[in-house]
Amino acid sequence: MALAGNDGKAMLSGIKVLDLTTVVFGPYATHILQDLGAEVLKIEAPETGDISRWLGPPAKTPGMSPTFFAINGGKRSAVLDLKQADDLATMHRLTSECDVFVLNVRGKSAARLGLDYASVKARNPNVIYVHCVGFGQDGPYAAEPAYDDVIQAASGATSLPSRVDGDPKARYMPSLIADKVSGLHAAYAALAAIVHKLRTGEGQYVEVPMFEAFTQFMLVEHLGGLTFDPPSGPVCYFRQIDPDRQPFPASDGYVSIVPYTEQSWPKLLAALGVPETLEDERFATREARMANLGALYQLLATLTVTRTVAELMRICRSIDLPAQPARDIATVREDEHLAATGFFARREHPSEGAYFEMRHPVAFAAWPARERGLPPGLGEHEPRFSANDA
């Protein structure tokens, strides 16, 4: 495939994405595509719109939540009532005009609306159809609904806290992590399908199931000994469920210190003034340290608690050891590194006033990041792509 020079346009410039998704999974994927330059036309239901519009308190206008702001900037918002024949006909027209159609409508409902892959392909033979589903469509859970909590439970993620602290109570991770991980899968899947289409001219059906995507993500390390048949050991990566593997206490807070390599422990213990620790037979060799890692973490905690966070950071930086203060999430916006890199930008919204926007985290040398468009009000735009605007 011949490569053209830098034309100054966004990398996905000219790619039209029709977005019929809600909450976080699908909208996070289309948010990434929008950040890379695609035009994203978001179709929302009348009156309430995307559920994510209501996930958190707005600054001024109901339906303009912080979560919606985080993953919908720059999209166009159009309202269609797909129960009405005229609006459904408009939706069908849009599916014939888009390059990529992303939806999280379940299979039977999509077919009833004429939005299943076969129907859309009949109108748009080379469409890239990205179906964001809860479960793979060839399994017994295919028709079941799914949200982040459900997928965390089904994947075994809710059992991990118990393996750390011994409390048998199943618990969710305090993040929409299954939604966001699945959204990343949907974004790269769409990009791969776009490359395939550029090479062959062919669109395709792409299925992105949350359950399989998040289970694969979690079991990279946590399938553990069950990887082999017969098993070579227990499930889970032991280091991740070690109850002593936590940020270390300082006299005025906590610090994450990661002496991960074989050379790290001697340097760290020497810097803390206790190089003789490695003479203890429990810690004298790599194998012994691995077998007694919990005890070593406990010992390290007794050494860190007498020093301030600043002192521990100076020590770790002096020996090039990975470390960072354990910050309260409410203070991350003031982080000096993020300030220096311009990660947060203070913007003005016409209805909501000042707000903070997070920039796309990946930088591309061939295409300087552009200013993202503002999060749209519900139905702010007409149901058409901007290329068709008069």
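Residues numbered from 1 in each chain as written. Predicted model: local features only at pLDDT ≥ 70, side-chain atom pairs only at ≥ 80, totals over all residues. Heavy atoms only, no water.

Caption draft 1: The arrangement of the layout of surface pockets in detail. Of the voids in this model, the largest pocket is the one considered here, and its volume is about 1,300 Å³. Lining the largest pocket are 39 residues, with Pro66, Ala70, Phe343, Phe344 and Met358 sitting closest to its centre. Elements with a contribution of two residues or more to the lining of the largest pocket: helix H1 (25-35), helix H2 (66-72), helix H8 (177-200) and strand E11 (353-358). The residue inventory of the lining of the largest pocket, partitioned by class, reads 25 nonpolar, seven polar and seven charged. (1 Å grid on protein atoms, 1.4 Å probe; cavity = no way out; pocket = protein on both sides within 12 Å on 5 of 7 lines; lining within 4 Å. Points joined across faces, edges and corners; volume = space filled by probe spheres on them. Helix = DSSP H or I, 4+ residues; strand = E, 2+ residues; numbered from the N terminus. Nonpolar A, V, L, I, M, F, W, Y, C, P; charged D, E, K, R; others polar.)

Caption draft 2: Region of the structure containing H8. Its 24 residues place the ends of H8 34 Å apart at the C-alpha level, agreeing with the 34 Å of an ideal helix rising 1.5 Å per residue. Note on H8: the residue one or two positions beyond its end, Gly201, has a positive phi of about 85°. (Expected span 1.5 Å × (residues − 1).)

Caption draft 3: Examining a nonpolar patch on the surface more closely. A cluster of nonpolar side chains, contributed by Ile51, Leu55, Tyr147 and Val150, occupies part of the molecular surface with about 350 Å² of accessible area. Tracing the sequence through the fold places Leu55 in the loop between strand E2 (39-44) and H2. In this structure Leu55 comes out as partly exposed when scored by relative accessible area, which is 33%. (Patch = residues over 30% accessible without salt bridge, like charges linked within 9 Å, V, L, I, M, F, W, Y side chains within 5 Å. Areas by Shrake-Rupley, 256 points an atom, 1.4 Å probe, with all protein chains shown as cover. Salt bridge = Lys/Arg side-chain N within 4 Å of Asp/Glu carboxyl O. Buried < 20%, exposed > 50% of the residue type's maximum accessible area, 1.4 Å probe, protein only.)

Caption draft 4: Main features of the sheet that holds strand E8 (residues 253-257). Taking strand neighbours across the sheet as the criterion, the three strands line up as E7-E8-E9 in an open arrangement whose pairing is antiparallel. At either end of the open sheet lies a strand with only one pairing partner, and these are strand E7 (248-250) and strand E9 (323-325). Here the strands of the sheet are splayed against their neighbours by 30° on average, with no regard to which way each runs. Alignment of E7 against E8, held across three bridges, turns out to be antiparallel. Opposite Pro249, over in E8, you have Tyr254 as the bridge partner. (Pairing = 2+ DSSP bridges. Axes fitted to C-alpha atoms, helices over the stretch in contact; angles between N-to-C directions.)

Caption draft 5: Spotlight on the packing of H1 against H8. Across the interface, H1 lies against H8 with an axial gap of 7 Å and an inter-helix angle of 45°. As judged from the angle between their axes, H1 and H8 are oblique. For the pair H1 and H8, the sense of crossing is right-handed. Facing H1, whose interface residues are Phe25, Tyr28, Ala29, Ile32 and Leu33, H8 presents Asp179, Lys180, Ser182, Gly183, Leu184, Ala186, Ala187, Ala190 and Leu191. (Parallel < 35°, antiparallel > 145°, perpendicular 65-115°, else oblique. Left-handed = near helix turned anticlockwise from the far one by under 90°. Contact = heavy atoms within 4.5 Å.)

Caption draft 6: Inspection of the sheet that holds strand E1 (residues 16-20) at higher detail. Sheet architecture is open: six strands sit in the order E3-E2-E1-E4-E5-E6, paired in parallel fashion. Unpaired on one side and paired on the other, strand E3 (76-79) and strand E6 (204-209) mark the two borders of the sheet. Direction aside, neighbouring strands of the sheet carry axes that sit 20° apart on average. As defined by bridge partners, E1 adjoins E2 across four bridges and the pair is classed as parallel. By the bridge assignment for E2, Asp19 is matched with Lys42. Its contacts with the sheet place helix H3 (residues 85-97) against E1, E2 and strand E4 (100-103), and it is angled at close to 145° to E1. Of the strands in this sheet, strand E5 (128-133) and E6 are in contact with helix H9 (residues 210-222), which crosses E6 at around 60°.

Caption draft 7: Just unusual backbone geometry, in detail. Asp229 connects to Pro230 through a cis peptide bond whose omega is 5°. Position of Pro230 relative to the elements: it lies in the loop between H9 and E7. A positive phi angle, near 65°, is found at Val23, a position not held by glycine. Even without glycine at this site, Glu47 takes up a positive phi of about 75°. As for its position among the elements, Glu47 is in the loop between E2 and H2.

Caption draft 8: Summary view of the nonpolar core. Residues Val17, Val100, Val130, Ile151 and Phe214 are the most contacted members of the largest nonpolar core, which totals 37 residues. Elements that contribute at least two residues to this core include exactly H1, E4, E5, H8, E6 and H9. Here this core gets nine residues from one element, more than from any other, and that element is H8. Core analysis: the second largest hydrophobic core is formed by 24 residues, Val255, Leu278, Leu312 and Ile319 among them. (Core = buried A, V, L, I, M, F, W, Y, C linked by side-chain atoms within 4.5 Å.)

Caption draft 9: Molecular detail of the pattern of salt bridges. The full count for this structure, using the stated rule, is 15 salt bridges. Salt-bridge contacts for Asp19 lead to Lys75; the nearest nitrogen and oxygen are separated by 3.6 Å. Linking Asp19 in strand E1 with Lys75 in the loop between H2 and E3, this pair joins segments that are 56 residues apart in sequence. Each member of the pair Asp19 and Lys75 is classed as buried. Residues Arg289 and Glu262 are paired through a salt bridge, measuring 2.5 Å at the closest nitrogen-oxygen approach. Linking Arg289 in helix H11 (residues 286-291) with Glu262 in the loop between E8 and helix H10 (264-271), this pair joins segments that are 27 residues apart in sequence.

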